[in-house]
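Structure at a glance
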Amino acid sequence: MATGAGWAPPRSVERHGAPRAGGGARSKSVAPGPRRPSPFPARSRPAPDNAGSADSCRVRVAVRLRPKNSEDLAHGADFDSCVELQPESKRLKLKKNNWNCESYKFDEVFSENASQKRVYEVVAKPVVESVLEGYNGTVMAYGQTGTGKTYTVGRLGKDDPSERGIMVRALEHILSSMSFETDCIAISYLQLYLESVQDLLAPEKTNIPIVEDAKTGEVSLPGAAIVEIKDLEHAFQLLQIGEANRHAANTKMNTESSRSHAILIIHLQRSSRIKEENCRPLSNDTHDIFPDDLPLVLKSKLLIVDLAGSERIDKSGSEGHMIEEAKFINLSLSSLGKCINALAENSPHIPIRDSKLTRILRDSFGGTARTSLVVTIGPSSRHYSETSSTIMFGQRAMKVVNTIKLKEEVDYEILYKKMEREVDQLTSEMERQQKVIKSEKMQLDKKLKESEKAFHDLRLTSNMQIENLEKEKCHLESAVKKLMQALEEEKGQNNLLSEQIIELEKLLNENKQQQLENISKTKILADTSKEHEKEMGELLKLLEEERSCSSSMKNRMSVLQQQLCDAQSSAQLQESMAREFEKKLTRVTEEFTSQLQSLKKNISELISEKEVIFEELKSTQEKAQQEMRHRQGLEDQILRLKQSASDNCAEESKASCGMVRSGSGLGNAAFVSKSGKLREAVSGQRGTISKIFEEVGLPNVLSLLKSEDLDVQIHAVKVVANLAAEDINQERIVEEGGLDALLSLLETSENTTIHRVTAGAVANLAMNGSNQGVIMNKGGARLLANVASKTDDPQTLRMVAGAIANLCGNEKLHLMLKQDGGIKALLGMFRGGHTDVIAQIARGIANFAKCESRVISQGHRKGRSLLIEDGVLTWMVANSTRFSASTRRHIELAFCHLAQNEDNTCDIIASGGIKELLRISRESPREDTRNLAKKALDSNPAFLREVQ
């Protein structure tokens with residue numbers, strides 16, 4: 001890290017590995033040694049001259065000499081320079097007279113010719129680079145009025161970059177060193193005026209409270225606007241707004257004397273992993289406690305303080321209100337000096353609470369921030385005592401030692417989203433694998449069913465074929481049996497014929513013998529023999545026929561036997577095919593069984609993975625249940641706050657709606673004081689609600705707006721209304737759909753309490769200029785006017801009137817507001833006669849008239865006022881003196897702004913408004929209102945004629 005001459009670079013630091021309870025943060029620090037406990041986080045000890053390790057956390061002090069101005073040159077002969085610089089040895093000699101002088105050593109000495117760039121590089125650049133590394137830092141300018149503090153710190157130098165002060169250069173340095181993909185930078189710009197902390201970026205915020213964390217000692221300013229920036233041009237615009245709102249005055253010693261202490265707070269959040277890649281590695285102990293896969297963020301802040309100059313009344317010539325300002329400036333600087341003295345002397349008591357300035361700078365001196373101080377002095381001997389006091393302040397500040405700490409937190413939101421994505425991926429992968437397994441199982445089941453069906457069909461077909469073959473075989477066997485029986489019968493007949501033939505042959509032989517014996521009977525025997533031969537021929541013929549028939553029967557039997565063999569072989573073939581089918585089916589079954597076993601194995605593995613994932617999901621669900629129980633407890637806590645909230649609901653809503661704007665000129669000191677006390681009274685409850693918001697989360701709070709329980713719904717709207725009172729929450733509530741939910745409740749709910757609290761929340765959101773257009777585009781003014789027409793509850797009417805009054809402060813929405821009936825609704829709420837409602841009506845009319853007058857004076861619009869068209873002028877003339885002082889002031893201011901428009905002249909004269917203008921110019925308690933009325937009368941010839 002580049003450093004200027006005499007400024008030691010940051011030393012190595014020791015990280016504390018144990019995270020802080022409840023915060024998930026860790027810190028690393030450089031401790032200067034054991035200290036006694038005090039109100040500050042760390043004690044101080046005398047700083048040695050050498051730049052050793054003990055100086056690494058000491059407050060660094062540089063002195064800058066202002067060049068002589070015209071007043072110094074005019075008194076040059078009478079008052080010589082009382083300061084002699086020795087930049088080489090970093091010393092300064094303060095001469096009281098020609099023979100008496102004292103020498104002082106500083107960390108750096110700047111002559112009157114030192115450039116702004118060199119002052120930044122030596123004083124502020126080491127602190128800025130330390131802030132970029134995650135440490136808190138403070139750069140502060142201290143000195144007599146008119147010695148160049150604001151020039152050194154707050155000079156914008158937009159036209160001449162070489163003139164830029166520490167604020168602009170620090171922002172430019174930080175923006176050039178950041179990565180907007182992972183880093184975030186935001187600023188707050190405040191002033192301490194008359195011991196009241198005011199927001200320079202939001203002038204309506206006054207008397208901002210200072211809150212100290214009892215555990216860590218950190219100082220915060222809840223309610224201050226925190227604006228995120230993306231480029232240097234945006235930063236220039238914000239700084240210009242802040243400078244325009246800062247209190248300054250012309251004194252004898254300075255034409256533009258700052259009358260308040262200005263504090264620029266730069267909030268920086270960076271990714272710890274990216275930072276550690278560019279810096280030294282962490283220790284092993286730190287890696288054990290915070291693994292590399294945890295998302296970490298570094299949170300740091302830089303305070304750049306431009307203190308108002310100390311002054312003497314006799315020299316500055318202050319008078320009137322400026323004396324009061326000088327008294328408070330000197331008082332706060334005196335308190336700061338007492339704290340520095342106590343720290344330098346190692347006193348057991350530090351008067352930190354004597355001033356709000358010392359409370360804000362609690363971390364800068366003796367705390368945990370790296371601090372650089374530049375003291376500015378003038379050369380003239382006329383201011384020797386002031387110069388000597390400033391130098392002694394710097395000398396004592398050099399003895400203060402701070403213990404710097406690094407705050408590193410786990411980004412639980414990113415970690416939760418990462419785990420949620422991983423769980424979703426694992427769940428989808430498990431579901432995908434289950435679907436694949438299910439589809440594969442279905443396909444295998446389908447194939448198995450098809451195989452079983454085919455096997456069953458094949459078995460049925462084979463059985464049928466076997467049965468047919470067996471039937472045919474039986475039929476053939478029965479036919480063969482029949483043929484064999486017929487053959488046996490024929491054989492029997494043949495045997496009989498053979499026996500007959502044998503008998504006939506015997507008879508023939510006997511006949512031959514008888515023929516021989518009986519020759520006489522030859523003829524008879526011959527005839528008989530012929531007949532017998534004829535019969536024997538016929539028998540032989542029959543025998544031949546029987547033999548041929550027997551042979552044909554044998555042939556037929558052989559054919560049948562051949563068919564039987566063929567049928568038996570076909571049956572054997574069918575049986576072999578059936579066995580082959582059985583083998584194939586067995587093989588398919590075995591393959592299916594093996595695949596089924598592998599699928600079961602995969603399923604078991606997936607089930608084990610599922611169990612692991614289920615355990616992780618179970619743990620996540622337990623955490624979610626714990627969060628739900630915590631959320632239920634917070635809801636119960638909201639219900640317990642019901643009684644206390646109802647007591648101060650009306651006053652709290654007044655404060656949160658921002659009904660009084662400090663910069664508009666419409667309030668008074670008494671009401672501002674009352675508002676400040678009210679804020680302090682409800683700060684505890686507001687802190688509780690902020691804590692609930694941080695722990696529950698905005699989406700969960702908004703989800704309660706849809707609850708069926710009316711009490712929960714009412715208190716959820718109250719929480720949203722309180723959150724909407726903070727500028728940092730307003731845009732986020734709209735982005736998360738909170739405005740849509742509130743407008744939906746206005747439209748659908750019939751409950752008076754819902755209408756009252758919802759209107760208050762809309763009024764808070766309407767304080768933001770960007771939200772006002774969104775409210776109008778979504779019909780918010782129409783819904784508010786509708787609620788006003790249906791209710792007579794004074795609290796509800798006051799909230800509705802306050803919301804419409806805030807919308808009246810945007811001149812771009814005037815025409816739309818009139819078309820949606822907003823102005824008529826505002827006047828219509830006068831019917832109840834309630835003082836608070838009438839006060840809001842008057843404020844809204846004043847806002848409308850003031851913005852309209854500004855637009856008309858700038859030439860952006862011409863013509864009669866839209867208020868006159870709705871009868872507002874007649875109402876103001878009739879009721880201008882009937883109400884309280886604050887309401888009358890709003891009406892008087894609105895009347896004066898209407899009178900600035902010449903197009904309203906005839907209406908004002910016709911309504912009798914000239915008398916009212918004359919009364920305001922003479923009797924109004926506010927000088928600016930009287931001047932405005934006189935200006936309207938003097939600049940309008942028609943008014944002058946009526947007066948004469």
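Residues numbered from 1 in each chain as written. Predicted model: local features only at pLDDT ≥ 70, side-chain atom pairs only at ≥ 80, totals over all residues. Heavy atoms only, no water.

**Notes on the overall build of the chain**
- Scanning the chain from terminus to terminus reveals 35 helices and 19 strands.
- Buried positions account for 47% of the 948 residues belonging to the chain.
- Surface exposure of the chain reaches about 48,200 Å², of which carbon and sulfur atoms provide 50%. (Helix = DSSP H or I, 4+ residues; strand = E, 2+ residues; numbered from the N terminus. Buried < 20%, exposed > 50% of the residue type's maximum accessible area, 1.4 Å probe, protein only. Areas by Shrake-Rupley, 256 points an atom, 1.4 Å probe, with all protein chains shown as cover.)

**As for the environment of alanine 763**
- Residue placement: alanine 763 occurs in helix H22 (residues 752-765).
- Judged by its relative accessible area of 0%, alanine 763 is buried.
- Measuring from C-alpha to C-alpha, the distance between alanine 763 and glycine 802 comes to 6.2 Å, with 39 residues separating the pair along the chain.

**As for the pattern of salt bridges**
- The final tally for this structure, using the stated rule, is 23 salt bridges.
- Put simply, arginine 164 and glutamate 172 hold a salt bridge, and the shortest N to O gap is 3.3 Å.
- Among the residues examined, glutamate 172 registers a relative accessible area of 35% and is labelled partly exposed.
- When the shortest N-O distance is used, the salt bridge between arginine 246 and aspartate 306 registers 2.9 Å. You can see arginine 246 sitting in the loop between helix H5 (232-245) and strand E14 (248-249) and its partner aspartate 306 sitting in strand E17 (residues 296-306), a full 60 residues away along the chain. (Salt bridge = Lys/Arg side-chain N within 4 Å of Asp/Glu carboxyl O.)

**Quick notes on the confidence of the model for the chain**
- With 81% of its residues at a pLDDT of 70 or more, the chain shows a mean pLDDT of 78.
- Summarising per-element confidence for the chain, the mean pLDDT is lowest in strand E1 (residues 14-16) (35) and highest in strand E3 (residues 60-65) (95).
- Across residues 274-289, confidence stays below pLDDT 50; counting only partners more than four residues off in sequence or on other chains, it has 22 contacts.
- Note on residues 645-679: pLDDT under 50 across the span, and 65 contacts to partners over four residues away in sequence or across chains. (pLDDT = per-residue confidence, 0-100. Contact = heavy atoms within 4.5 Å.)

**Some points on the packing of helix H24 (residues 780-790) against helix H25 (residues 794-807)**
- It is the contact of H24 with H25, at a shortest axis distance of 10 Å, that shows an interaxial angle of 155 degrees. The angle between H24 and H25 places the two elements in the roughly antiparallel class. In the crossing of H24 with H25, the sense of the turn from one axis to the other is left-handed. Contacts between H24 and H25 involve Leu784, Val787 and Ala788 from the first element and Thr796, Leu797, Val800, Ala803 and Ile804 from the second.
- The class makeup of the residues in the contact of H24 with H25 is seven nonpolar, one polar and no charged. (Axes fitted to C-alpha atoms, helices over the stretch in contact; angles between N-to-C directions. Parallel < 35°, antiparallel > 145°, perpendicular 65-115°, else oblique. Left-handed = near helix turned anticlockwise from the far one by under 90°. Nonpolar A, V, L, I, M, F, W, Y, C, P; charged D, E, K, R; others polar.)

**Some words on the sheet that holds strand E6 (residues 101-105)**
- In spatial order, the strands read E4-E5-E6; together these three strands make up an open sheet with antiparallel pairing. Of all strands in the sheet, those with a lone pairing partner are strand E4 (83-86) and E6, marking the two edges. Taken pair by pair, the neighbouring strands of this sheet meet at an average axis angle of 20 degrees, ignoring direction. (Pairing = 2+ DSSP bridges.)

**Section: the packing of aromatic side chains**
- Enumeration according to the criterion identifies two aromatic pairs in this entry.
- With a centroid separation of 3.8 Å and an interplanar angle of 15 degrees, the aromatic rings of tyrosine 142 and phenylalanine 393 are classed as stacked. Taken as a pair, tyrosine 142 in strand E8 (residues 137-143) and phenylalanine 393 in helix H11 (residues 384-397) lie far apart in primary sequence, 251 residues in all. By the burial criterion, tyrosine 142 is buried, and phenylalanine 393 matches it. (Phe/Tyr/Trp six-rings, centres within 6.5 Å; stacked < 30°, edge-to-face > 60°.)

**Brief notes about the nonpolar core**
- Counting 87 residues, the largest nonpolar core has Leu705, Met829, Ile845, Trp875 and Met876 as its most contacted members.
- Per-element accounting of this core gives the leading share, nine residues, to helix H19 (residues 710-724).
- What methionine 876 contacts, discounting residues up to four positions off in sequence, is Ile845, Ile891, Ala894, Phe895 and Leu898.
- Counting residues in each nonpolar core, the second largest holds 49 residues, with Val219, Val305, Ile360 and Ile391 among its members. (Core = buried A, V, L, I, M, F, W, Y, C linked by side-chain atoms within 4.5 Å.)

**Some words on the packing of H22 against H25**
- Closest axis-to-axis distance for the H22/H25 pair is 8 Å, and the angle between their directions is 25 degrees. One way to sum up the angle between H22 and H25 is to call them roughly parallel. In terms of crossing hand, the pair formed by H22 and H25 is left-handed. Counted together, Thr752, His755, Arg756, Ala759, Gly760 and Ala763 of H22 and Gln795, Thr796, Met799, Val800, Gly802, Ala803 and Asn806 of H25 form the full contact between these two elements.
- A class-by-class count of the residues in the contact of H22 with H25 yields five nonpolar, seven polar and one charged.

**Quick notes on helix H31 (residues 885-899)**
- Helix length check: H31 (15 residues) gives 21 Å between terminal C-alpha atoms against 21 Å at 1.5 Å per residue, within 8%.
- Across the 15 residues that make up H31, a large majority, twelve, are buried.
- Taken together, the buried positions of H31 are Thr887, Arg889, His890, Ile891, Glu892, Leu893, Ala894, Phe895, Cys896, His897, Leu898 and Ala899. (Expected span 1.5 Å × (residues − 1).)

**So, unusual backbone geometry**
- The phi dihedral of leucine 194 falls on the positive side, at around 55 degrees, and the residue is not glycine.
- Among the structural elements, leucine 194 can be located in the loop between strand E9 (184-193) and strand E10 (196-199).

**Re the environment of threonine 753**
- Summarising the element assignment, threonine 753 is placed in helix H22.
- Along the chain, threonine 753 and valine 717 lie 36 residues apart, while their C-alpha atoms are 10.0 Å from each other.

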